[in-house]
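Observations on the model geometry
Each chain, letter by letter, is given below.
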Amino acid sequence: MPISSSPTDPSPLAPTAERTEALEEASLRPTRLRDFVGQPALVENLEVYVKAALARGGALDHVLLFGPPGLGKTTLAFILAQELRKEITVAHAPAIEHKGQLAALLTKLGPGDVLFIDEIHRLSAVVEENLYTAMEDFRIDMVQGDGPMATAWTIPLSPFTLVGATTRTGLLTGPMLSRFGIDARLDYYSPDSLARIVKRSATILDVRLTDPAAMEIARRARGTPRIANRLLRRARDFAEVLGDGTLDHDAAKEALARLEVDEAGLDELNRRFLRVIIETYGGGPVGIEALAATLSEPRDTLEDVIEPFLLQQGFLARTARGRLATDRAYEHLALKRTRGPQGQLF
Ligand code: ADP
């Protein structure tokens, strides 16, 4: 079970380049709430909840963090533990395969410690049900054997804080949702916030970065800090190899062009997604399964990673009958409509 108390957690078997990336990404994580850029309303609320929990001397209520990947859910979970001065244990939901593994995780927690479960919507039904009693009554009921020979016992747990992360709350069951006292939604970041993140990261990575370059990267990072940091690292590589190492506006634009990230921040997969709706399915409506099959991409990737930004930016519309490319998508890809919205041929 991949469990760790460090924010990196690259598998020891991961290739070196992947490990280096993961370690570098981890080094960019802010560790205190005051260093967490953007999401001001959310940060202010969390500050209050943390202060109240510290003053009471009890565990912070369970927290559900939701939003697209790369917006800072894991970062916030680590920050909460740090602010609460408690230990954190990290688990990936699909890796908690049975009740025994859940019990092993829970019994290791000290009073007020944080258990972070990523992709919490992917817990199995049995594990999820057992998590309810743990969250509510801080106990876990165990049974050994079957029928009249079965023995049952209860393991008491220290009051702990569960921090669950999910990409979409719609994927969680009602009973699970209702057990979180604090819901925190992370939204896409503004270019200004992303520019601040990129500048902070450049300082940590010791990259010479001009303000216009930071803004160019921020504008094209699809509202996502992880993407902004990735673009910064790749642009740094280009600036180091092709120039004198300074990442100025021209170097940033050149690097983004080479990375095929366009003016709107869309990358090759984003554009291919829209192009398939338009060219293969006449602009839609088309179901997500058909798109996943045509693109050879998992449905989850399309729904969690690709679609939310395209929807938010108005490149895509979702209807009961499927996905539709909007006028903005046609304009952006410089393609002409050949069918009307009802599917009629022009
Ligand atoms: P998630 O868990 O939502 O997928 P992460 O917490 O792993 O996202 O964040 C991805 C990267 O983005 C981290 O390496 C972190 O450095 C950076 N990051 C995320 N949110 C912020 C923020 N508000 N301020 C600064 N950096 C951030």
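Everything that follows concerns the structure shown earlier in this document.
First things first, this report covers the structure right here in the doc. Bear in mind that the values here come from a model prediction, so they are computed numbers and not experimental data.

Neighbouring the ligand are 18 residues; Arg29, Val37, Gly70, Thr74 and Thr75 lie closest to it. Here an oxygen atom of the ligand and a backbone polar atom of Leu71 are 3.3 Å apart. A distance of 3.1 Å separates an oxygen atom of the ligand from a polar backbone atom of Gly72. Coverage of the ligand by the protein amounts to 97% of the 560 Å² it exposes when considered alone. Of all the secondary structure elements, the ones that give two or more residues to the shell around the ligand are α3 (73-84) and α9 (225-242). Looking at the shell around the ligand residue by residue, the classes come out as 9 nonpolar, 5 polar and 4 charged. Three or more residues apiece are contributed to the shell around the ligand by two domains, here domain 1 (17-185) and domain 2 (191-258).

Summed over all chains, the structure comprises 31 salt bridges. Between Arg275 and Glu279 there is a salt bridge; the shortest N-O distance is 3.5 Å. Taken together, the residues span about one helical turn, with Arg275 and Glu279 both in helix α11 (residues 268-280) at a distance of 4 residues. Residue Arg275 is classed as partly exposed on the basis of its relative accessible area, which comes to 32%. Where Glu289 meets Arg299, a salt bridge forms, and the shortest distance between an N and an O atom there is 2.9 Å. Highlighted residues: Glu289 in helix α12 (residues 288-295) and Arg299 in helix α13 (residues 299-312), separated in sequence by 10 residues. With relative accessibility at 48%, the residue Glu289 sits in the partly exposed group. Of the residues examined, Arg299 reaches a relative accessible area of 35% and is grouped as partly exposed. When salt bridges with common partners are traced through the structure, they connect Arg168, Glu289, Arg299, Glu303, Asp304, Glu307, Arg318 and Arg323 into a single cluster.

Three- or four-residue spacings in an α-helix give side chains the same orientation, since the helix completes a turn every 3.6 residues. In this model α3 runs 17 Å from its N-terminal to its C-terminal C-alpha over 12 residues, within 8% of the 16 Å that 1.5 Å per residue would give. For α3, the tally of buried residues reaches 11 of 12 residues, placing the bulk of the element in the interior. The complete set of buried residues in α3 reads Lys73, Thr74, Thr75, Leu76, Ala77, Phe78, Ile79, Leu80, Ala81, Glu83 and Leu84. Its buried side turned inward, α3 meets α2 (40-56), β1 (63-66), β2 (88-92), β3 (114-118) and β6 (161-166). Of the residues flanking the end of α3, it is Arg85, one or two places downstream, whose phi is positive at about 60 degrees.

To continue, consider the pairing of β1. Covered by surrounding structure in β1 are Val63 and Leu65 together with Leu64 and Phe66, the residues of both alternating faces. Where β1 meets β6, 4 bridges bridge the pair, whose relative direction is parallel. Bridge assignment links Phe66 to a residue of β6, and that residue is Thr166. With 4 bridges joining them, β1 and strand β7 (residues 182-185) adopt parallel strand pairing. Opposite Val63, over in β7, you have Ile182 as the bridge partner.

This next bit is on the packing of helix α1 (residues 16-27) against α9. At their nearest, the axes of α1 and α9 sit 11 Å apart, and the two run at 120 degrees to each other. By the angle class used here, α1 and α9 are oblique. The crossing of α1 and α9 is right-handed. Taken together, the residues of α9 that come into contact with α1 (itself represented by Glu21, Glu24 and Glu25) are Arg226, Arg233, Arg234 and Arg236.

What follows is about the nonpolar core. Note that soluble globular proteins tend to have their nonpolar side chains buried in a common cluster. Residues Leu209, Ile217, Leu247 and Phe273 are the most contacted members of the largest nonpolar core, which totals 79 residues. For this core, the element with the highest residue contribution is α3, accounting for 7 residues. Setting aside its immediate chain neighbours within four residues, Leu247 contacts Val207, Arg208, Leu209, Thr210, Ala213, Ile217, Leu232, Ala235, Arg236, Ala239 and Ala252. Leu102, Leu105, Ile117 and Met135 belong to the second-largest nonpolar core, a separate cluster that totals 27 residues.

Reading guide: rules and limits
- Sequence order as written defines residue numbering, which begins from 1 separately in each chain.
- pLDDT decides what is reported in this predicted model: residues at 70 or higher carry local features, side-chain atom pairs at 80 or more are listed and counted, and totals for whole chains, interfaces and linings draw on all residues regardless.
- Excluded from the side-chain calculation are hydrogens and water; included are all heavy atoms of the structure.
- Here a residue is near a molecule or strand as soon as one of its heavy atoms is found within 4 Å of it.
- In the analysis that follows, any N or O atom pair within 3.5 Å is treated as a polar contact, provided that within protein one partner can donate a hydrogen and the other can accept it, and provided that, for residues neighboring in sequence, both atoms belong to side chains.
- Here the Shrake-Rupley method, with its probe set to 1.4 Å, supplies the accessible areas, and only the displayed protein chains count as covering residues.
- Here a helix means four or more residues in a row that DSSP labels H or I, a strand means two or more in a row labelled E, and each is numbered from the N terminus.
- Residues are grouped as follows: Ala, Val, Leu, Ile, Met, Phe, Trp, Tyr, Cys and Pro are nonpolar; Asp, Glu, Lys and Arg are charged; all remaining types, including Gly, are polar.
- An automatic or database domain assignment supplies the residue ranges for each domain.
- Any carboxyl oxygen of Asp or Glu that lies within 4 Å of a side-chain nitrogen of Lys or Arg is treated as forming a salt bridge with it.
- The classification of residues rests on relative accessible area computed with a 1.4 Å probe and restricted to protein chains. Under 20% of the type maximum is buried, over 50% is exposed, and intermediate values are partly exposed.
- Residue count minus one, scaled by 1.5 Å, sets the expected span of a helix.
- By definition, residues are in contact when any of their heavy atoms lie within 4.5 Å.
- A pair of strands is considered paired only if DSSP assigns at least 2 bridges between the two.
- The convention used is that axes are lines fitted to C-alpha atoms, helices contributing only their stretch in contact, and that angles between N-to-C directions extend from 0 to 180 degrees.
- These descriptions rest on fixed angle ranges, namely under 35 degrees for roughly parallel, over 145 for roughly antiparallel, 65 to 115 for roughly perpendicular, and the rest for oblique.
- It is the rotation of the near helix from the far one that decides the hand of a crossing: anticlockwise by less than a right angle makes it left-handed, clockwise makes it right-handed.
- By nonpolar core we mean a set of buried residues, namely Ala, Val, Leu, Ile, Met, Phe, Trp, Tyr and Cys, connected to one another through side-chain atoms within 4.5 Å.

Geometry only, nothing functional implied.
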